[in-house]
Amino acid sequence: MKFDPSRVETDKVYKLLSGSVVPRPIAWVSSVSNEGNLNLAPFSFFTVASRNPPMLCISVGPGVGERRGTVKDTLENIRETKEFVINISSTPLGNKVQQTSENYPSDVDEFTEAGLTPVSSDKVKPMRIKETPIQMECVENQIINLGTDHLIIGEMVMYHINKEFYQQDYKVNLERLRPLGRLANQFSEIKHLFKLPDDTLK
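Rules behind the numbers
- Residues numbered from 1 in each chain as written.
- Predicted model: local features only at pLDDT ≥ 70, side-chain atom pairs only at ≥ 80, totals over all residues.
- Heavy atoms only, no water.
- Pairing = 2+ DSSP bridges.
- Helix = DSSP H or I, 4+ residues; strand = E, 2+ residues; numbered from the N terminus.
- Axes fitted to C-alpha atoms, helices over the stretch in contact; angles between N-to-C directions.
- Core = buried A, V, L, I, M, F, W, Y, C linked by side-chain atoms within 4.5 Å.
- Buried < 20%, exposed > 50% of the residue type's maximum accessible area, 1.4 Å probe, protein only.
- Contact = heavy atoms within 4.5 Å.

J.: What is the right way to look at the sheet that holds strand E6 (residues 83-88) in this model?
T.: Across a sheet, strands are paired by hydrogen bonds formed along the backbone, either parallel or antiparallel in direction. Taking strand neighbours across the sheet as the criterion, the 7 strands line up as E3-E2-E6-E9-E10-E5-E4 in an open arrangement whose pairing is antiparallel. Each of the sheet's edge strands pairs with one partner strand only, and the pair in question is strand E3 (38-43) and strand E4 (46-51). Each strand of the sheet is rotated relative to its neighbour by a mean of 35°, with strand direction disregarded. Summarising the sheet, strand E2 (residues 27-32) and E3 pair through 6 bridges and their orientation is antiparallel. Bridging across to E3, Ala27 finds its partner in Phe43.

J.: Would you mind showing me how to read the sheet that holds strand E1 (residues 24-25) here?
T.: Judged by pairing direction, the sheet is antiparallel, and its 3 strands sit side by side in the order E1-E13-E14 without closing on themselves. What marks the edges here is a single partner per strand, and that holds for E1 and strand E14 (186-189).

J.: Would you mind going over the nonpolar core with me for this structure?
T.: As a rule of thumb, nonpolar side chains are buried together in soluble globular proteins. In this structure, Val29, Phe46, Ile58, Phe84, Ile86 and Ile152 are the most contacted members of the largest nonpolar core, which totals 19 residues. The set of elements that each furnish at least two residues to this core consists of E2, E3, strand E5 (54-60), helix H2 (73-81), E6 and strand E9 (134-146). Those residues within four positions of Ile58 in sequence are excluded, and the remaining contacts are Ala27, Val29, Phe43, Phe45, Phe46, Ile86, His150, Leu151 and Ile152. By size, the runner-up hydrophobic cluster in this structure holds 12 residues, among which are Trp28, Leu40, Leu116 and Leu180.

Printed below as a string of structure tokens:
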């Protein structure tokens, strides 16, 4: 089978992409408006963009459901303040990640709705999520308009990791981290770790 994306509806192309590019890490992005309203939302179109300087990127689509046709609060807040935090969730926090993906009004604090603890960042105004193992403070480098979506590239200016998830020589303990991954409309926990080559693979 083959599909020409120019002849397929956008939501169907999205299903093909999100079911093929897997598993994807989740950026749990905290931001704040100029008025001081806290916002928290997960994004699975997320990766490292550069190592020097250290940069991360997330792709933010348009509003959905009741907020279809609007700009997501995360994008609007980053446009206003030029700052955000990428929090890395572990699997036990999965239900709270899902809860913050709901279409709340702009004045609703997702930290409160999900029962999460906001803590001050060192170099940016947006709060970090205390319960997450890792938090990365970012300042906007650029926002690129890609059709209906926007690619936000941010430079990491401070990195936080809970000491129980840190190994020697600047390595993260992935077994303890229990990273949460996105596969289409499902999620996964990576439990079986191995190195290549591996003679047991079939």
